Amino acid sequence: DAKTTQPPSMDCAEGRAANLPCNHSTISGNEYVYWYRQIHSQGPQYIIHGLKNNETNEMASLIITEDRKSSTLILPHATLRDTAVYYCIVRGPTGQNFVFGPGTRLSVLP
Amino acid sequence: SAVISQKPSRDICQRGTSLTIQCQVDSQVTMMFWYRQQPGQSLTLIATANQGSEATYESGFVIDKFPISRPNLTFSTLTVSNMSPEDSSIYLCSAHRELNTEAFFGQGTRLTVV
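These figures come from a predicted structure and were not determined experimentally. (Residues numbered from 1 in each chain as written. Chains lettered and ligands numbered in written order. Predicted model: local features only at pLDDT ≥ 70, side-chain atom pairs only at ≥ 80, totals over all residues. Heavy atoms only, no water.)

J.: Describe the state of the cysteines, naming the residues involved and giving the relevant values.
T.: Overall, the coordinates contain two disulfides over all chains when judged by the stated rule. The disulfide partner of C22 of chain A is C88 of chain A, and the S-S distance across this bridge is 2.1 Å. Because the torsion about its S-S bond is -80 degrees, the bridge between C22 of chain A and C88 of chain A counts as left-handed. Taken together, the residues C22 of chain A in strand β2 (residues 18-23) and C88 of chain A in strand β8 (residues 84-91) connect sequence positions 66 residues apart. Here the two residues C22 of chain A and C88 of chain A agree in accessibility, since each one is buried. Bridging C23 of chain B to C93 of chain B, the disulfide has an S-S length of 1.9 Å. One disulfide, between C23 of chain B and C93 of chain B, carries an S-S torsion of -65 degrees and so falls in the left-handed class. A residue pair is termed long-range when its members are at least 10 positions apart, and C23 of chain B in strand β3 (residues 19-25) and C93 of chain B in strand β9 (residues 89-96) qualify at 70 residues. Since its relative accessible area comes to 0%, C23 of chain B is described here as buried. (Disulfide = S-S within 2.5 Å. Helix = DSSP H or I, 4+ residues; strand = E, 2+ residues; numbered from the N terminus. Buried < 20%, exposed > 50% of the residue type's maximum accessible area, 1.4 Å probe, protein only.)

Structure representation (structure tokens):
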């Protein structure tokens, strides 16, 4: 599975959109981009995943560049409860486990 | 989605003892995994729990220290054996319904060894 690179930390004002970037320049054609988050002292929570098309669900939007070498997770209206560590993970369709990097610590500020 | 329950949610144990952590999924799943999260760190995979056969361990983790059972498609246990303070971590169970789908995680077991 390809490696990902994320900024270690970001701040976002409450009510504004949070845009979390992820680089995955070595991604293969059949590898998916997954996003998880971990709120303090809880298990990781699945957010969204995609292959090449942009995806949206009730939690977030995932924008994947046309060359698939990077993506952005968008939380459209961040709240204080969105403060968490966000993990971007690349995984193939026959991949086994999810490999977690250090992630991005997002702080939503009042 | 799948709901994963872990027991206990936390425990404080004496060094040299063992603790068994249970993971129950509310529906049948293909894959189950055990992770460790040391204080301030990201998640590290311990092993894949294989139904009806021995678990597959990652480098640095051995069966004698972390025996795992998976008797059916909804249940698994992880035992942390002969504990030392270095084993103080959060232990997390995860599961996938199918190989190419998202994983769901339990809330973790916070273990403190004194």
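So that's the structure; there's more coming.
J.: Which residues make up the pairing of strand β6 (residues 61-64) of chain A, and what are the values?
T.: Residue and element names in this part refer to chain A. Sheet topology places strand β5 (residues 55-56) next to β6; two bridges connect them, and they run antiparallel. Note that in β6 the partner of T56 across the bridge is S61. Hairpin remark: β5 followed by β6, antiparallel, with four residues in the connecting loop. Where β6 and strand β7 (residues 70-75) come together, four bridges link them in antiparallel fashion. Counterpart to I63 in the pairing with β7 is T72. In sequence, β6 turns back onto β7 through a hairpin of five residues, with R68 there showing a positive phi of about 65 degrees. (Pairing = 2+ DSSP bridges.)

J.: Hey, could you go over the sheet that holds β7 of chain A for me, with residue numbers and the actual values?
T.: All names here are of chain A. Strand order in the open sheet formed by four strands is β2-β7-β6-β5, and the pairing between neighbours is antiparallel. Strands at the two margins of the open sheet, each flanked by one partner only, are β2 and β5. Pairing of β2 with β7 involves six bridges; the strand directions are antiparallel. Each residue of the ladder has a partner; that of A18, found in β7, is L75.

J.: Can you tell me about the interface of chain A and chain B, naming the residues and giving the values?
T.: Residue-level contacts link 20 residues of chain A with 18 residues of chain B. Contact between chain A and chain B buries roughly 1,600 Å² in total, counting both sides, with carbon and sulfur atoms accounting for 53%. Across the chain A-chain B interface, the total number found is zero salt bridges. Here chain A and chain B share six residue pairs in polar contact (both at pLDDT 80 or more) between them. For the side of chain A that touches chain B, the secondary-structure elements that each account for two or more residues are β3 (32-38), β4 (45-50) and β8 of chain A. Residue composition of the side of chain A that touches chain B, by class: nine nonpolar, 10 polar and one charged. (Contact = heavy atoms within 4.5 Å. Buried area = accessible area lost by both parts, 1.4 Å probe. Salt bridge = Lys/Arg side-chain N within 4 Å of Asp/Glu carboxyl O. Polar contact = N/O pair within 3.5 Å; in protein donor to acceptor, adjacent residues only side chain to side chain. Nonpolar A, V, L, I, M, F, W, Y, C, P; charged D, E, K, R; others polar.)

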